[in-house]
Amino acid sequence: SVPNQIHPPSKRSTNMMKQQQQRRRQQQIQLNASHNQSYQNSSKKYNHGLIRVHERRRRLQQQQHLMSSNYLLLTIFFLVFTTFTTTTIMVSASTTSDGGLYHSVRELDKYGNSVQLRNAAECSNRYGSLVIAAIACPSSSSNNDDKEEETGIVICTLRPYRPGIKPKKLIEEECVYTIADNDISHDDDSNTILLAFIGSGLQPDSTLLLNLLRSYARRWWDRYDDIPSLDVMADVTRAVKLGFMSYDTSKEISSLGVGTAIESDDDDEEESKMSRPFGVTSLLFGVQSNGKMKIKSVHPNGVEASWVARAIGRHSMEANALLQRYWYKGMNVQQVKDMCLQIMREVLIGEEEEEEDNVVSSSPMWMKKTDIVCQVLTTRSATEKNVERFPLFVDKPKQQS
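Residues numbered from 1 in each chain as written. Predicted model: local features only at pLDDT ≥ 70, side-chain atom pairs only at ≥ 80, totals over all residues. Heavy atoms only, no water.

**Observations concerning the overall build of the protein chain**
Our working rule: The numbering of helices and of strands both runs from the N terminus, where a helix is a DSSP run of H or I of at least 4 residues and a strand a run of E of at least 2. Burial here depends on accessible area, computed with a 1.4 Å probe over protein chains only, as a share of the maximum for the residue type. Under 20% is buried, over 50% is exposed, and the range in between is partly exposed. We call two residues in contact when some of their heavy atoms are within 4.5 Å. Per-residue and other accessible areas follow the Shrake-Rupley method at a 1.4 Å probe size, with only the shown protein chains counted as cover for residues.
Of regular secondary structure, the protein chain possesses nine helices and ten strands. In the protein chain, which comprises 401 residues, the proportion classed as buried is 34%. Partitioning the contacts of the protein chain with sequence separation of at least 6, the portion at a separation of at least 24 is 69%. Carbon and sulfur atoms make up 53% of the accessible area of the protein chain, which amounts to about 27,100 Å² in all.

Here it is as C-alpha cells:
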C-alpha cells in the first residue's frame, strides 16, 4: 500500500480560502456593527424613558407642593373666617337691645317705638325728595283793584333733567298726582272737587299707595256719585300705612259700605295685609268748590295732621323752620310761589349763594341738571293745569365797578 501523501495546496485553492476568510470577516464586522447599532438605539430609548420618568416625578412633586400650599391657604382662610364669624355673632348677641340684624314688624326698641316704623320714617326723611306746599289765601283788604285774587295751593318739588324728552312735555309735567276730580256742579258749595297726592320716599311704595287711593276713590264714586272728602282719604291713607300691623278691623266702623283700600284677591279673606310699613311720607291736598284749601300730611306711622304750609322729604326740618318764619296769612299765589322757590334754593344750595363766584361753577353736577317744578292747585285745576319749571340755580348779576 502506498501511504497517504500530503500534497501542497494549489494556488487556486489558496485564493479561495483567502476569499472565504475575508467574507467571514466582513460578515462578522457587519454583525458587530448591527449589534452596536441596536445597542445604541436601545440605550437611547432607555435614556429617553429615564428622562420621562424623572420629568413625571418632578411634576408630581410640584403638584404635591402646590396642593400643600393651597391646603395651607385654605386652612388660614377658614381660621380667619371662623374668627370673624364668631366675633360677629358675639357682637350681634351683645347688642340685643337693637334686635340683631333682622327686626320684626312687631319688635320694639328700648323706648317702646317700632323699629320698622323708625326705619321707614328715616328712609323718607333722608332719601326722599324735598317737597314744599303752602296755601295762598289773599285777604280782600290787601287788594287795591276790584279783581279778587284766587286762593290756591302751591306745591314745589325737584325734578331731574331727563334727556330724550321734549321740552314741551317737561314743562307740562305735573309734580302732584290727581286721586280724583269732579268738575260737575252740585248744590252744596262745600263739596270736594279735587283730591291730589304727592309722596316723598321710596318711589315704588308711593306708586302703590297712589294706586290704592285711586281704587278706593273709584269705588266711592260708583257708590255715591261723588268723590270722598280729604278727611276720609286721610283716614284711608292712615289705615293703608298701618296695614302691616295686622289689626282686626272687622269690629270697627266701616267706611260707609265701601270697604278698605286694600282689597284681597281671595274670596275667603276680607283684606290683604302688608308685610312691612310704607317708606313714604305723603301730603294730601283737597280743593272745595267754595274755594277752601286743605293740606294734610300722613307719616309712615299713621300720624295725620292738617297744615297751612308743610315740607316733607330731605332737609324738611330746615324748610319747615323757614316756612314758620316766612309764611303769613294773606299771601297771594305769586308771593307763596316766590317764598317756596326761595326756601328751596336756600335749603339746597346753602352757603354756596354767599360766594362771590358763580354758583353753577362750584355746585355738584346733579344740582346743575335739576329743576324746581311748581304747580298751583285752584278750583279750576280739574280742567286747567298750572305748572311751571324754574332752574334751581340762578346766575348772580355782575357788580359794575
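Now that the structure is up, let's keep going.
**Digging into the sheet that holds strand β4 (residues 192–201)**
In plain terms, the rule: Pairing between two strands requires that DSSP report at least two bridges joining them. All axes are obtained by fitting lines to C-alpha atoms, using only the stretch in contact for helices, and the reported angles, taken between N-to-C directions, cover 0 to 180 degrees.
Taken together, five strands build an open sheet; the order of strands is β3-β4-β5-β6-β7 and the sheet is antiparallel. This sheet does not close on itself; its edge strands, each paired only once, are β3 (177–181) and β7 (304–307). Across the sheet, the axes of successive neighbouring strands diverge by a mean angle of 20°, strand direction being ignored. Pairing of strand β6 (residues 293–298) with β7 involves four bridges; the strand directions are antiparallel. If you follow I295 over to β7, its bridge partner there is W307.

**Examining the packing of aromatic side chains**
The geometry of an aromatic ring pair comes down to the distance between the two centres and the angle between the two planes. Convention followed: Two rings from Phe, Tyr or Trp (for Trp, the six-membered ring) form a pair when their centres are within 6.5 Å of each other. A pair whose planes differ by under 30 degrees is stacked, one over 60 is edge-to-face, and the rest are tilted.
Per the stated rule, a full pass over the model turns up three aromatic pairs. Between Y216 and W220, the aromatic rings sit 6.2 Å apart at their centres with planes inclined by 40°, giving tilted as the arrangement. Here Y216 pairs with W220, and both are found in helix α4 (residues 203–224), just four residues apart, close to one helical turn. Summarising the burial analysis for this pair, Y216 and W220 share the class buried. Measuring from centroid to centroid gives 5.0 Å for W220 and Y224, while their planes differ by 50°, and the two rings are tilted.

**Observations regarding helix α5 (residues 230–241)**
To be explicit about the condition: Under the convention used throughout, the expected extent of a helix is 1.5 Å for every residue step, that is, one less than its residue count. By definition, the arc is the one covered by directions from the helix axis to the C-beta atoms.
With twelve residues, α5 ought to run about 16 Å at 1.5 Å a step, and its terminal C-alpha atoms sit 16 Å apart, in line with that. Three or more residues of α5 are buried, namely L230, M233, A234, V236, T237, V240 and K241. Relative to the axis of α5, the buried residues are bounded by an arc of 160° and lie together on one face. Contacts made by the buried residues of α5 are with β3, β4, α4, β5 (280–288), β6 and β7.

**Looking at the environment of V115**
With respect to the helices, strands and loops of the structure, V115 is situated in helix α2 (residues 115–127). For the pair formed by V115 and S104, sequence separation is eleven residues and the distance between their alpha carbons is 7.9 Å. In this structure, V115 is in contact with H103, E107, L108 and D109, ignoring residues within four places of it in sequence.

**A short note on a nonpolar patch on the surface**
Condition: Within the patch definition used here, like charges are joined within 9 Å and nonpolar side chains (Val, Leu, Ile, Met, Phe, Trp, Tyr) within 5 Å, considering only residues with over 30% relative accessible area and no salt bridge. We count a salt bridge whenever a side-chain nitrogen from Lys or Arg sits within 4 Å of a carboxyl oxygen from Asp or Glu.
A contiguous nonpolar patch, built from L72, L73, I76 and V80 and spanning about 390 Å² of accessible area, is present on the exposed surface. Note that I76 resides in helix α1 (residues 11–94).

**Observations regarding the nonpolar core**
The line we're drawing: Residues belong to a common nonpolar core when they are buried Ala, Val, Leu, Ile, Met, Phe, Trp, Tyr or Cys residues joined through side-chain atoms within 4.5 Å.
In this structure, I132 and M339 are the most contacted members of the largest nonpolar core, which totals 29 residues. For this core, the elements supplying multiple residues, two or more each, are β1 (131–136), β2 (152–160), β8 (309–312), α6 (316–326), α7 (333–349) and β9 (370–377). Considering each element in turn, this core owes the most residues, ten residues, to α7.

**Focus on a positive patch on the surface**
Basically, it comes down to this: Charged-residue counts in this description rest on Lys and Arg as positive and Asp and Glu as negative, His and the chain ends being excluded. By convention, the point assigned to a charge is CZ for Arg, NZ for Lys, CD for Glu and CG for Asp.
Taken together, R52, R56, R58 and R59 make up a surface patch of like positive charges. A residue is classified by how much of its surface remains accessible, and R52, at 60% relative accessible area, is exposed.

**With respect to the side chain of R310**
Inspection of the secondary structure puts R310 in strand β8. Here R310 is in contact with V131, I132, A133, L283, H299, N320 and L323, once residues within four sequence places are set aside.

**Remarks on the packing of α4 against α5**
Using the following cut-off: Angles are sorted into four bins: roughly parallel if under 35 degrees, roughly antiparallel if over 145, roughly perpendicular if 65 to 115, and oblique for all others. Crossing handedness is defined as follows: a turn of the near helix away from the far one that is anticlockwise and smaller than a right angle gives a left-handed crossing, while the clockwise case is right-handed.
Following both chains from N to C, one finds α4 and α5 inclined at 135°, their axes separated by 11 Å at the closest point. With respect to each other, α4 and α5 are oriented oblique. Crossing of α4 over α5 shows right-handed handedness. Side by side, α4 and α5 meet where L209, L212, L213, Y216 and W220 of the first sit next to V232, M233, V236, T237, V240 and K241 of the second.

**A short note on the confidence of the model for the protein chain**
Condition: The predictor attaches a confidence to each residue, called pLDDT, with possible values from 0 through 100.
Confidence in the prediction of the protein chain, expressed as mean pLDDT, is 77, and 73% of residues score 70 or more. Across residues 96–100, where pLDDT falls below 50, the model places four contacts with residues more than four positions away in sequence or in other chains. In this model, residues 354–363 is a region of pLDDT below 50 whose contacts with residues beyond four sequence positions or in other chains number 17 contacts.

**Side note on unusual backbone geometry**
One non-glycine residue with positive phi stands out, namely D225, at about 55°. Mapped onto the fold, D225 is located in the loop between α4 and α5. With a relative accessible area of 49%, D225 lands in the partly exposed category. A positive phi angle, near 60°, is found at H315, a position not held by glycine. Residue placement: H315 occurs in the loop between β8 and α6. Exposure remark for H315: the relative accessible area of 29% places this residue in the partly exposed category.

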